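Listed here are the chains, written in short residue letters.
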Amino acid sequence: TSISKMIRSNLIVRRMATAVGSRNFAPCTASMTSSSVDALTHNYSAPLSSFAPSAVGIATPRQFSSAATELGSILQREIDEETEAAAEQAADDGNLPPELAELDAEIRTQWTVLEGISGIGGGASSSSESGSGATMRMFRKEVGSKGAKIGIVFHCQDTEEDVQFDENSIFDDQASDESTDEDDEEEEEAAQAVRFGVTVSKGGKTVVLQCRSGSEGDVSVESVMVREGDAESVLTALAGGENVHAALYQGPEFTELAEDLQESFTKYVVEECGVDENVAAYISMYSDYCEQEEYVSWMKTAIDILD
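Residues numbered from 1 in each chain as written. Predicted model: local features only at pLDDT ≥ 70, side-chain atom pairs only at ≥ 80, totals over all residues. Heavy atoms only, no water.

Chemist: Hey, could you run me through the overall build of the chain in this one?
Modeler: Per the secondary structure count, the chain includes nine helices and seven strands. For the chain, the residues scored as buried account for 28% of the 307 residues in total. With an accessible surface of roughly 19,800 Å², the chain has 52% of that area assigned to carbon and sulfur atoms. (Helix = DSSP H or I, 4+ residues; strand = E, 2+ residues; numbered from the N terminus. Buried < 20%, exposed > 50% of the residue type's maximum accessible area, 1.4 Å probe, protein only. Areas by Shrake-Rupley, 256 points an atom, 1.4 Å probe, with all protein chains shown as cover.)

What follows is the structure, encoded as structure tokens:
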């Protein structure tokens, strides 16, 4: 590789320099004639140009500049492609894609949708910074039973492939192994599932239901935790990455609960918290939209710094 070649070149240079230093500048004895000294210096001396960085594989400022230009050119190409694709999908007003815009208008009649978390990623009360739109919050306008405040938080990158077990999948896998490369190229991108948190707050305490929305709009609960504090403080903790490494109790292993209790928690999220198929679809679609927006913003920031 180029790195190994550069290392070997540097090693050769060091050995040559050692040879020159030890032989050219060795103390001359009285028996040495001027002709023998000339022979030594002729054999072991080399023009300074042979030790130039470009001659031994060391990157010069000009080469670094070339690499930066190449990187900037590729980044700009990707930005142009993503921007063009987004423009084709956007509505006439240049904002959300039509299907998402229609769903967004419907969702906002029942939910207050906010971008970012205060103090994290460029929220409303913090300075603007890259990543401000990666986390979204939603608050239901209608309170829950006994005055509970209901909220939702999700991150545009908290996704995974939506794999659902199918007894026929074994045979499908065998058939797919026999498919051609052309068939593989035509295969659609795997559907994505999105993780999100639902918070139910009352009296300074909050129940956090970690949920998952599948590609079919189905909602499932994966864990249930209890936290001190109102919805805002709990959402901030969730957005900050609170996980199983936190010092607090994380709740029981959800799959080990009684089946009817698991089903009851899911029913509560859908019916009491209002996280129906439309909300699940909105979270999935908005996550995908935000991820693309953040990707372009990330590339623009990178090109400003690196190019």
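There is more to say, and it comes next.
Chemist: What should I look at first to understand unusual backbone geometry in this one?
Modeler: Keep in mind that most residues, glycine aside, have a negative phi and that most peptide bonds are trans. Its identity is not glycine, yet Lys 146 carries a phi of approximately 60°, on the positive side. Positionally, Lys 146 belongs in the loop between β2 (135-140) and β3 (149-155).

Chemist: Sorry if this is basic, but what is going on with the nonpolar core here?
Modeler: Taken as a class, soluble globular proteins show a tendency for nonpolar side chains to be buried jointly. Among the nonpolar cores identified, the biggest contains 33 residues, and Met 138, Ile 152, Phe 196, Val 198 and Val 275 are the most heavily contacted of them. Sorting the residues of this core by element identifies α4 (98-107), β1 (111-115), β2, β3, β5 (192-202), β6 (205-213), β7 (219-228) and α9 (277-306) as the ones contributing at least two each. In terms of residue count, α9 provides more of this core than any other element does, six residues in total. Look past the residues within four positions of Phe 196 in its chain and what remains in contact with it is Ile 152, Val 153, Phe 154, Leu 209, Gln 210, Cys 211, Arg 212, Ser 213, Val 219, Val 275 and Ile 283. Formed by six residues, the second largest nonpolar core is a distinct cluster that contains Leu 75, Val 296, Met 299 and Ile 303. (Core = buried A, V, L, I, M, F, W, Y, C linked by side-chain atoms within 4.5 Å. Contact = heavy atoms within 4.5 Å.)

Chemist: Whenever I open this one, the side chain of Ser 287 confuses me. Can you help?
Modeler: On the secondary structure map, Ser 287 appears in helix α9. By relative accessible area, Ser 287 is classed as buried at 1%. Contacts of Ser 287, omitting those with residues within four sequence positions, involve Phe 154, His 155, Cys 156, Val 194 and Tyr 282.

Chemist: Teacher, can you tell me more about α4 here?
Modeler: Along an α-helix, residues three or four positions apart point the same way, because every turn accommodates 3.6 residues. By the burial criterion, the buried members of α4 are Leu 100, Leu 103, Asp 104 and Ile 107. Down the axis of α4, the buried side of the element spans an arc of 105°, and every buried residue falls inside it. Looking at the buried positions of α4, the neighbouring elements they touch are β1, β2 and α9. (Arc of directions from axis to C-beta.)

Chemist: Explain the packing of α4 against α9 here, please?
Modeler: Each pair of packed helices gets described by two things: the angle between the helix axes and the distance between those axes. One can describe the packing of α4 onto α9 by two numbers: an axis separation of 10 Å at closest approach and a directional angle of 130°. In terms of orientation, α4 lies oblique with respect to α9. In the crossing of α4 with α9, the sense of the turn from one axis to the other is left-handed. Residues Glu 99, Leu 100, Leu 103, Asp 104, Glu 106 and Ile 107 of α4 touch α9, and the partners they reach there are Asn 278, Val 279, Ala 281, Tyr 282, Met 285, Tyr 286 and Tyr 289. Here the contact of α4 with α9 is composed, by residue class, of nine nonpolar, one polar and three charged. (Axes fitted to C-alpha atoms, helices over the stretch in contact; angles between N-to-C directions. Parallel < 35°, antiparallel > 145°, perpendicular 65-115°, else oblique. Left-handed = near helix turned anticlockwise from the far one by under 90°. Nonpolar A, V, L, I, M, F, W, Y, C, P; charged D, E, K, R; others polar.)

Chemist: What's the story with a negative patch on the surface in this structure? I'm lost.
Modeler: A cluster of like negative charges, contributed by Glu 99, Glu 102, Glu 106, Glu 216, Asp 218, Asp 276 and Glu 277, occupies part of the molecular surface. Per-element tally for the negative patch: the top contributor is α4, with three residues. Looking at where Glu 99 falls in the secondary structure, it is placed in helix α4. Using a relative accessible area of 60% as the deciding quantity, one classes Glu 99 as exposed. (Patch = residues over 30% accessible without salt bridge, like charges linked within 9 Å, V, L, I, M, F, W, Y side chains within 5 Å. Salt bridge = Lys/Arg side-chain N within 4 Å of Asp/Glu carboxyl O. Lys, Arg positive; Asp, Glu negative; His and termini not counted. Charge placed at Lys NZ, Arg CZ, Asp CG, Glu CD.)

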